[in-house]
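Summary of the model geometry
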Amino acid sequence: MSKDIRELLKRALDHRLRKVIGSEYAGKSQTEKPDAAPINLWLAFEGIPLIRIHGSADGATLLVDQVMPEPSDMDEVGEIVIRDISKKLIFHDALNKKLQAVSIIAEAKSRAAV
């Protein structure tokens, strides 16, 4: 398990969640809306830098870092948009509440967080 991931998440303990930001795919068609499933999530806790949560390229691992959000234009196929998704039902109850605990599940052989 990465010590960096554990330490980064521990910094958020006892801090209130103020906002959840997501990056989502949006097609070029005027009728297409952003995809309902975010590609990345940024958790904005009071008093600390944003924390990004995203999946690894192989889809088997959850990664945590502090890379800042940036939109991306993919020419004809669409774009990645950044927006506040705090009001989505899944996050609504956690807003303005302090993070009380962090649990990490690690693969026994590699000790990588999964």
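Residues numbered from 1 in each chain as written. Predicted model: local features only at pLDDT ≥ 70, side-chain atom pairs only at ≥ 80, totals over all residues. Heavy atoms only, no water.

Looking now at the confidence of the model for the protein chain. Per-residue confidence for the protein chain gives a mean pLDDT of 82, with 82% of residues at or over 70. Between the elements of the protein chain, mean pLDDT differs from a low of 78, seen in strand β5 (residues 72-73), to a high of 94, seen in strand β2 (residues 40-45). (pLDDT = per-residue confidence, 0-100. Helix = DSSP H or I, 4+ residues; strand = E, 2+ residues; numbered from the N terminus.)

Next up on the list: the side chain of serine 56. Following the sequence through the fold, serine 56 ends up in the loop between β3 (51-55) and β4 (62-65). A residue is classified by how much of its surface remains accessible, and serine 56, at 17% relative accessible area, is buried. A polar side-chain atom of serine 56 sits 2.5 Å from a polar atom in the side chain of aspartate 58. Among residues more than four places away in sequence, those in contact with serine 56 are Thr61 and Leu63. (Buried < 20%, exposed > 50% of the residue type's maximum accessible area, 1.4 Å probe, protein only. Polar contact = N/O pair within 3.5 Å; in protein donor to acceptor, adjacent residues only side chain to side chain. Contact = heavy atoms within 4.5 Å.)

Within the secondary structure, isoleucine 21 sits in strand β1 (residues 17-26). Separated by 21 residues in the primary sequence, isoleucine 21 and tryptophan 42 place their C-alpha atoms 5.0 Å from one another. With sequence-adjacent residues up to four places away left out, isoleucine 21 is seen in contact with Asn40, Leu41, Trp42, Leu50, Ile82, Arg83, Asp84 and Ile85.

This paragraph deals with a nonpolar patch on the surface. Together, Tyr25, Ile39, Met74 and Val77 make up an exposed nonpolar region whose accessible area comes to about 330 Å². With respect to the element layout, isoleucine 39 can be found in the loop between β1 and β2. (Patch = residues over 30% accessible without salt bridge, like charges linked within 9 Å, V, L, I, M, F, W, Y side chains within 5 Å. Areas by Shrake-Rupley, 256 points an atom, 1.4 Å probe, with all protein chains shown as cover. Salt bridge = Lys/Arg side-chain N within 4 Å of Asp/Glu carboxyl O.)

The next point concerns the pairing of β1. Counting buried positions along β1 gives 7 out of 10 residues, so the element sits mostly inside the fold. Where β1 and β2 come together, 6 bridges link them in antiparallel fashion. Directly across from glycine 22, in β2, lies its bridge partner leucine 41. Both β1 and strand β6 (residues 79-84) contribute to a ladder of 6 bridges, which runs antiparallel. Across the sheet, the residue bridging to tyrosine 25 is isoleucine 80, located in β6. (Pairing = 2+ DSSP bridges.)

What follows covers the sheet that holds β1. In spatial order, the strands read β4-β3-β2-β1-β6-β5; together these 6 strands make up an open sheet with antiparallel pairing. Where the open sheet ends on each side, the last strands, each with one partner, are β4 and β5.

In this fold, arginine 16 is placed in the loop between α1 (3-10) and β1. Considered as a pair, arginine 16 and phenylalanine 45 are 29 residues apart in the sequence and their alpha carbons are 5.4 Å apart. Not counting the four nearest positions on each side in its chain, arginine 16 is found in contact with Ala44, Phe45, Glu46, Asn96, Lys97 and Lys98. Separated by 2.8 Å, the side chain of arginine 16 and the backbone oxygen of asparagine 96 make a polar contact.

What follows deals with the nonpolar core. If you look at the biggest cluster of nonpolar residues, it comprises 15 residues, and the most contacted ones within it are Leu17, Val20, Phe45, Ile51 and Val64. At the level of secondary structure, the elements contributing two or more residues to this core comprise α1, β1 and β2. Aside from chain neighbours lying at most four places away, what touches isoleucine 51 is Leu8, Leu9, Ala12, Leu41, Trp42, Leu43, Phe45, Val64 and Asp65. (Core = buried A, V, L, I, M, F, W, Y, C linked by side-chain atoms within 4.5 Å.)

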